[in-house]
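# Coordinate analysis (summary)
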Amino acid sequence: MAAVIMQQRYINRGWSSGLCDCCQDMSSCCFGFWCFPCFMCSVTGEFGEGTCLPLLDIFGPGFLAFFEIPTCVPSVSLGMRVAVRYKYDIGGNICDDIMVSCCCIWCMWCQMSREIKARKQTVIVQTVPTMFQPMATTTRVVSTQQSVSLGPVGAPAIVM
């Protein structure tokens, strides 16, 4: 028997948890509440992106305000939400993503964290019977005579 590991594919095309379901994963919720920049960096790391990427949402608006360029949408948070939706084939649209990233950014990051954890934990191990067919082999015996010298040069060789 051989074990085959398969990733379960979600049939529904929605998020595995709601936007305000923070009580489902209290450790992530508390981490996000007490140290939100660290939480954002860890979620992007779990997703496979650069861990310092969300810092642009924190320092970027201040930098742009210095040059008098207004910003209202956290671009990295919006991009991460769209990337999670695309990777896990979750339905939605960009207008909803903009509204969520502008109004409920903490809940949005907690939802993405729960989604990434849920998709990584869903693994099925199946045991599949394997059938081996005997291969038709022929055995050929080849008789050879080799001489092996174990002593100094000029000493008699041992014949096998």
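Model, not experiment: these values are computed from the prediction.

## Description of the overall build of the chain
- Broken down by element type, the chain carries six helices and four strands.
- When its helices and strands are written in sequence order, the chain yields β-α-α-α-α-α-α-β-β-β.
- A fraction of 67% describes how many contacts in the chain between residues 6 or more apart in sequence connect residues 24 or more apart.
- Counting every atom, the chain has about 11,400 Å² of accessible surface; 65% of that belongs to carbon and sulfur.

## Looking at the nonpolar core
- With 18 residues, the main nonpolar core has V84, W109 and M112 as its most contacted residues.
- Here this core gets six residues from one element, more than from any other, and that element is helix α6 (residues 105-121).
- Aside from chain neighbours lying at most four places away, what touches V84 is W15, F47, I90, M112, E115 and I116.

## A word on a nonpolar patch on the surface
- Taken together, F63, F66, F67 and I69 make up a surface patch of nonpolar side chains, about 480 Å² in accessible area.
- Here F66 is to be found in helix α3 (residues 55-66).

## A few points about the packing of aromatic side chains
- This structure, assessed with the given rule, holds four aromatic pairs.
- Geometrically, the ring pair formed by F33 and W34 is edge-to-face, given 4.8 Å between the ring centres and 85° between the ring planes. Comparing F33 with W34, the two get one shared label, exposed.
- Plain terms: the ring middles of F47 and Y88 are 6.2 Å apart, the flat faces sit at 75° to each other, and that makes the pair edge-to-face. Remark: Y88 occurs in the loop between α4 (75-87) and α5 (94-103) and F47 occurs in helix α2 (residues 36-47); sequence separation between them is 41 residues. Note on accessibility: F47 and Y88 belong to one class, buried.
- Its guanidinium or amino end placed over the ring of F47, K87 lies 4.9 Å from that ring's centre, counting from NZ or CZ.

Each value, and the rule that gives it
- Residues numbered from 1 in each chain as written.
- Predicted model: local features only at pLDDT ≥ 70, side-chain atom pairs only at ≥ 80, totals over all residues.
- Heavy atoms only, no water.
- Helix = DSSP H or I, 4+ residues; strand = E, 2+ residues; numbered from the N terminus.
- Contact = heavy atoms within 4.5 Å.
- Areas by Shrake-Rupley, 256 points an atom, 1.4 Å probe, with all protein chains shown as cover.
- Core = buried A, V, L, I, M, F, W, Y, C linked by side-chain atoms within 4.5 Å.
- Buried < 20%, exposed > 50% of the residue type's maximum accessible area, 1.4 Å probe, protein only.
- Patch = residues over 30% accessible without salt bridge, like charges linked within 9 Å, V, L, I, M, F, W, Y side chains within 5 Å.
- Salt bridge = Lys/Arg side-chain N within 4 Å of Asp/Glu carboxyl O.
- Phe/Tyr/Trp six-rings, centres within 6.5 Å; stacked < 30°, edge-to-face > 60°.
- Lys NZ or Arg CZ within 6 Å of the ring centre and 35° of its normal.

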